[in-house]
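What the coordinates show
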Amino acid sequence: MAHARMVDVYIQHLLGELFDGAFQATGRGYRVPLTGGPLVEVLDGPGYLLRVRVTAPLANDVACGRALLDAVNDVNTRLPYGRVLVEDGQVLAEHTLLGRTLHRTGLDNAVRLIAWVVETFAAAIAHAGGGTPAEGATPVVTAGGADTPAPPGLLDADGVVTVGAGAGQLDLLDATPAPVANAAGYL
């Protein structure tokens, strides 16, 4: 049977190994030095219900409307595990692990998945909800000099950044990833 304190000590040990001791203890858990600063915390409960939750904000001050919910649902369909949710004007990425089966690889995967979600989707989610992207998000790209930011790295066949046809609705499924240039400027 897992106890919260035992799991907490084990998390400190695992994070110390995974990040060479470069994590910060907070009042709620431990901040990891990755994009978005994922928070790892133990949620107390009986042994078989003890959970370890990894969270990070994607966007703040969002208005919960159809465009935001469509964008959140789109991201959720792409995740192998974990989820994105809207809570009190904020969009969070979250993954929960079972405390009694916690192991190094599972914790490492959960923390890195949450950091990847923040880096990849925060700007698009913030745009859809009219909020501000969380710290660590990939910077937004402006479409053709327009003032409206578009999701990062989404180009159509003509090389133009697209935001979708609906009123404020983002189309993340039909976009082609933007080409990436190396340090010498070659694609």
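Everything discussed here concerns the structure shown above.
Residues numbered from 1 in each chain as written. Predicted model: local features only at pLDDT ≥ 70, side-chain atom pairs only at ≥ 80, totals over all residues. Heavy atoms only, no water.

Section: the pairing of strand β4 (residues 51-60)
- Direction of pairing for strand β3 (residues 39-43) relative to β4: antiparallel, over a ladder of five bridges. By the bridge assignment, L39 is partnered in β4 with T55.
- Strand direction decides the pairing type here: β4 and strand β6 (residues 90-98), joined by nine bridges, are antiparallel. Looking at the pairing, T55 lines up with E94 of β6.
- Note that β4 and strand β7 (residues 132-133) share two bridges and pair antiparallel. Residue pairing in the sheet places A59 in a bridge with P133 of β7. (Pairing = 2+ DSSP bridges. Helix = DSSP H or I, 4+ residues; strand = E, 2+ residues; numbered from the N terminus.)

Overview of the nonpolar core
- Judged by nonpolar contacts, the single largest core of 38 residues is most densely connected at V40, L58, V91, L107, V117 and I125.
- Within the residue set of this core, elements represented by two or more residues are α1 (4-18), β4, α2 (66-78), β6 and α3 (104-129).
- Ranked by residues supplied to this core, first place goes to α3 with twelve residues.
- Among residues more than four places away in sequence, those in contact with L107 are L14, L15, V40, V54, L97 and L102. (Core = buried A, V, L, I, M, F, W, Y, C linked by side-chain atoms within 4.5 Å. Buried < 20%, exposed > 50% of the residue type's maximum accessible area, 1.4 Å probe, protein only. Contact = heavy atoms within 4.5 Å.)

Some words on the environment of Y30
- Turning to its location among the elements, Y30 is positioned in strand β2 (residues 30-31).
- Assessed through its relative accessible area of 8%, Y30 is described here as buried.
- Setting aside residues no more than four positions away along its own chain, Y30 makes contact with D8, I11, Q12, L15, F23, Q24, A25, P38, L39 and V40.
- Within the structure, the side chain of Y30 is placed 2.8 Å from the side chain of D8, a separation counted as a polar contact. (Polar contact = N/O pair within 3.5 Å; in protein donor to acceptor, adjacent residues only side chain to side chain.)

Side note on the packing of α1 against α3
- Put simply, α1 and α3 touch, their axes get as near as 10 Å, and they point 70 degrees apart. The angle between α1 and α3 places the two elements in the roughly perpendicular class. Our pair here, α1 against α3, has a crossing hand that is right-handed. Listed contacts from α3 to Y10, L14, L15, E17 and L18 of α1 are R104, L107, D108 and R112.
- Looking at the contact of α1 with α3 residue by residue, the class counts come to five nonpolar, no polar and four charged. (Axes fitted to C-alpha atoms, helices over the stretch in contact; angles between N-to-C directions. Parallel < 35°, antiparallel > 145°, perpendicular 65-115°, else oblique. Left-handed = near helix turned anticlockwise from the far one by under 90°. Nonpolar A, V, L, I, M, F, W, Y, C, P; charged D, E, K, R; others polar.)

Remarks on the packing of α2 against α3
- In the contact formed by α2 and α3, the axes pass within 8 Å of each other and the chain directions differ by 160 degrees. Considered as vectors, α2 and α3 are oriented roughly antiparallel to each other. The crossing of α2 and α3 is right-handed. Across from A67, L68, A71, V72, V75 and R78 in α2, the residues of α3 making contact are V117, F121, I125, A128 and G129.

A short note on the side chain of D74
- When you line up the elements, D74 lands in helix α2.
- Side-chain polar atoms of D74 contact the side chain of R78, separated by 3.4 Å.

Overview of the environment of L97
- Relative to the helices and strands, L97 resides in strand β6.
- Sequence-distant contacts of L97, that is, excluding residues within four places in its chain, are made with L50, R51, V52, L102, G106, L107 and A110.

What about the packing of aromatic side chains?
- Within this structure, the stated rule accounts for two aromatic pairs.
- With a centroid separation of 5.7 Å and 80 degrees between ring planes, the pair formed by F23 and Y30 is classed as edge-to-face.
- Ring plane angle 90 degrees and centroid distance 5.4 Å describe the contact between W116 and F121, whose orientation is recorded as edge-to-face. (Phe/Tyr/Trp six-rings, centres within 6.5 Å; stacked < 30°, edge-to-face > 60°.)

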